[in-house]
Amino acid sequence: MSQKNITLKGITWDHSRGFTSAVATAQRFHELHPNVEIVWEKRSLQAFADEPINELAKRYDLLIIDHPWAGFAARTGVIVPLDEHLPEAFMADLAENTVGKSHESYGYNNHQWALAIDAATPVAASRPDLLPELPTTWEDLVNLAKEGKVAIPGIPQDTLMSFYMVCSTLGEDVCKSEDKVISDEVGLKALEMLRNLGQYIDAACYDMNPIKVYEAMTLGDKYAYSPFAYGYANYSKRGYANKLLKFHDMVAINNQKLISTLGGTGLAISSDCKHKDIAAKYVEYFAAPLTQSTLFFDNGGQPGHRKAWEDTYVNFNSMDCFKDTLPALDRAFLRPRYHGHMFFQDNAGAPIREFMMNGGDAKEVLHTLNTLYKQSKK
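Residues numbered from 1 in each chain as written. Predicted model: local features only at pLDDT ≥ 70, side-chain atom pairs only at ≥ 80, totals over all residues. Heavy atoms only, no water.

Novice: Just to check I follow, could you spell out empty space enclosed by the protein for this structure?
Specialist: It is a probe the size of a water molecule, rolled over the atoms, that shows where empty space is left. Enumeration according to the criterion identifies four cavities of 30 Å³ or more in this entry. The space that makes up the largest cavity amounts to roughly 80 Å³. Leu94, Asn97, Thr98, His103, Leu115, Ala116, Ala287, Gly304 and His305 are the residues that line the largest cavity. In terms of residue class, the lining of the largest cavity is built from four nonpolar, five polar and no charged. (1 Å grid on protein atoms, 1.4 Å probe; cavity = no way out; pocket = protein on both sides within 12 Å on 5 of 7 lines; lining within 4 Å. Points joined across faces, edges and corners; volume = space filled by probe spheres on them. Nonpolar A, V, L, I, M, F, W, Y, C, P; charged D, E, K, R; others polar.)

Novice: Would you mind showing me how to read the layout of surface pockets here?
Specialist: Within this model, the second largest pocket holds a volume of roughly 150 Å³. Contributing to the lining of the second largest pocket are Ser236, Lys237, Arg238, Leu244, Phe297, Asp298, Tyr313, Phe316, Asn317, Ser318 and Met319. Listed by contribution, the elements that provide at least two residues to the lining of the second largest pocket are helix H12 (289–298) and helix H14 (312–316). Here the lining of the second largest pocket is built from residues that sort into five nonpolar, three polar and three charged. (Helix = DSSP H or I, 4+ residues; strand = E, 2+ residues; numbered from the N terminus.)

Novice: Honestly, the pairing of strand E8 (residues 225–230) in this entry has me stumped. Any pointers?
Specialist: For a regular strand, side chains alternate in direction, first toward one face of the sheet and then toward the other. Counted residue by residue, E8 has six buried out of six residues, so it is predominantly covered. Taken together, the four bridges between strand E7 (residues 122–126) and E8 define a ladder with antiparallel strand orientation. Bridge pairing in E8 links Val123 to Ala229. (Buried < 20%, exposed > 50% of the residue type's maximum accessible area, 1.4 Å probe, protein only. Pairing = 2+ DSSP bridges.)

Novice: Before we go on, may I ask you to explain the packing of aromatic side chains in this structure?
Specialist: Geometry of an aromatic ring pair is reported as the spacing of the ring centres plus the angle between the planes. Enumeration over the complete set of coordinates arrives at 17 aromatic pairs. Taking 6.2 Å as the distance between ring centres and 75° as the angle between the ring planes, the aromatic pair formed by Tyr338 and Tyr373 counts as edge-to-face. Of this pair, Tyr338 sits in the loop between helix H15 (321–331) and helix H16 (341–347) while Tyr373 sits in helix H18 (residues 362–377); the two residues are 35 residues apart in sequence, bridging distant segments of the chain. Using a relative accessible area of 16% as the deciding quantity, one classes Tyr338 as buried. In this structure an aromatic cluster arises from ring pairing among Trp13, Tyr214, Tyr232, Tyr235, Tyr240 and Phe247. If you follow Lys42 out to its NZ or CZ, it ends over the ring of Phe19, 4.6 Å from the centre. Stacked on the ring of Tyr338, the Lys or Arg Lys377 has its end atom at 4.4 Å from the ring centre. (Phe/Tyr/Trp six-rings, centres within 6.5 Å; stacked < 30°, edge-to-face > 60°. Lys NZ or Arg CZ within 6 Å of the ring centre and 35° of its normal.)

Novice: What's the story with the sheet that holds strand E2 (residues 36–43) in this structure? I'm lost.
Specialist: Where strands meet in a sheet, backbone hydrogen bonds hold them as pairs that are either parallel or antiparallel. Taking strand neighbours across the sheet as the criterion, the five strands line up as E2-E1-E3-E12-E6 in an open arrangement whose pairing is mixed. Looking at which strands have only one partner, the edges of the open sheet turn out to be E2 and strand E6 (115–118). The average angle at which neighbouring strand axes cross in this sheet is 30°, direction not considered. Pairing of strand E3 (residues 62–65) with strand E12 (residues 265–269) involves four bridges; the strand directions are antiparallel. Counterpart to Ile65 in the pairing with E12 is Gly266. Of the strands in this sheet, strand E1 (6–13), E2, E3, E6 and E12 are in contact with helix H11 (residues 276–287), which crosses E12 at around 160°. (Axes fitted to C-alpha atoms, helices over the stretch in contact; angles between N-to-C directions. Contact = heavy atoms within 4.5 Å.)

Novice: Honestly, the pattern of salt bridges in this entry has me stumped. Any pointers?
Specialist: For side chains bearing opposite charge, pairing can occur when the charged atoms are close. Under the counting rule described, the total for this entry stands at 20 salt bridges. Linking Arg28 and Glu31 is a salt bridge whose minimum nitrogen-to-oxygen distance equals 3.1 Å. With Arg28 and Glu31 both in helix H1 (residues 20–32), this residue pair falls three residues apart, about one helical turn. Looking at Glu31, the relative accessible area reads 42%, which means it is partly exposed. Its salt-bridge partner being Arg306, residue Glu310 comes within 3.2 Å of it at the nearest N-O pair. Exposure remark for Glu310: the relative accessible area of 49% places this residue in the partly exposed category. (Salt bridge = Lys/Arg side-chain N within 4 Å of Asp/Glu carboxyl O.)

Novice: Would you explain the side chain of Thr169 in this entry?
Specialist: Inspection of the secondary structure puts Thr169 in helix H8 (residues 156–169). Contact partners of Thr169, with chain neighbours within four places excluded, come to Ile253, Gln256, Lys257, Leu258 and Ile259.

Novice: Honestly, the nonpolar core in this entry has me stumped. Any pointers?
Specialist: Across soluble globular proteins, nonpolar side chains have a tendency to be buried as a group. Core analysis: the biggest nonpolar cluster contains 112 residues, and Trp40, Leu62, Leu115, Trp138, Phe163 and Tyr214 have the highest contact counts within it. In terms of residues, this core owes the most to one element, H11, which gives eight residues. Once residues within four sequence positions are removed from consideration, Leu62 is found in contact with Leu8, Lys9, Gly10, Ile11, Ile38, Trp40, Leu267, Ala268, Ile269, Ala279, Tyr282 and Val283. Counting residues in hydrophobic clusters, the runner-up holds 19 residues, among them Ile11, Leu63, Ala114 and Ala268. (Core = buried A, V, L, I, M, F, W, Y, C linked by side-chain atoms within 4.5 Å.)

Novice: Quick question: what am I supposed to make of the pairing of E7 here?
Specialist: Counting buried residues in E7 gives five out of five residues, a clear majority hidden from the surface. On E7, burial covers both faces: Pro122, Ala124 and Ser126 on one face and Val123 and Ala125 on the other are all buried. Looking at chain direction, E7 and strand E9 (residues 246–248) are connected through three bridges and run antiparallel. For Ala125, the partnering residue across the bridge sits in E9 and is Phe247.

Novice: Please explain helix H9 (residues 184–198) as it appears in this structure.
Specialist: Residues three or four positions apart in an α-helix share a direction because the helix packs 3.6 residues into each turn. Over its 15 residues, H9 runs 20 Å from end to end, which matches the ideal 21 Å to within 8%, given 1.5 Å per residue. Among the residues making up H9, those that are buried are Val186, Gly187, Ala190, Leu191, Met193, Leu194, Arg195, Leu197 and Gly198. On its buried side, H9 packs onto helix H7 (138–146), H8, E8, strand E10 (252–253), helix H17 (349–358) and H18. (Expected span 1.5 Å × (residues − 1).)

Structure representation (structure tokens):
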């Protein structure tokens, strides 16, 4: 590397999992390469889900992104195809050691647009001190909800992911046909099941994202169980939360454990970055299995490399969170990533949330979803 001082700017999201983990890798990379300074900034989780990456790519060299942006990235070229900037053997290792479809989720049109540095899907979480016996079926879950002990993330984004999850578990994935989100039969059944649960969920939960659910579960004793929220291993780490959470695989519908909707985050490089070679070296350092299972994890990160998920040290320090939820990650559903899907994702959750809270006509909700879907395809 040249000796002139170089500064790269990155944007991530506002949680220890997204921010302190990235800052730790940046600091160590700077110590290894003193002429390179990497400055991470953060934004809210909602802004992370909402703000278009083409706007961010104008202001930042490094971007932590959500995988549904992959189709948009491939079409617009706002971030660089990493397969053209990183060693072939390294990329092959990431593909081989993916957690579920995490690596694949950032691939589109035969290019890799981001590296899965963080893997997540909705999983179950409990307070072992409050709930000695876990529910195993959807019926068990509804019964537990009747006791007021269940919290779910109920903001529109999360209720949409829950709808995808129930549809997948009933045997049909969403957004496979041209004019319908899902068949009427499966769509109506999924909505009725969600409403059946939703009517027993505390109204406060409908303003919560997964972080708020976990904070509520660890700061007070009201909620003992969360059946499906994007997993955050932080809350099972000593010293992080007031009361620790134990993460688990989820309940079953008709003997099929829930197939939840893959999340996680990816690390990308802006096409406007003036030092792509150095940015690529940092990205490689960040995603390497050793970094992922030590420095990144120790500073709040939730790894995306399979070797970290299977690592004894990582599991010992998170009450086996990774080992116990890996089956859920491996079967998770990969969200649609066609160019217009973000429009659908931004708008389709609200009618589902309203129906889960207050009931109504499931056919009308499904009609609204289909209308939004057709608009998104344009």
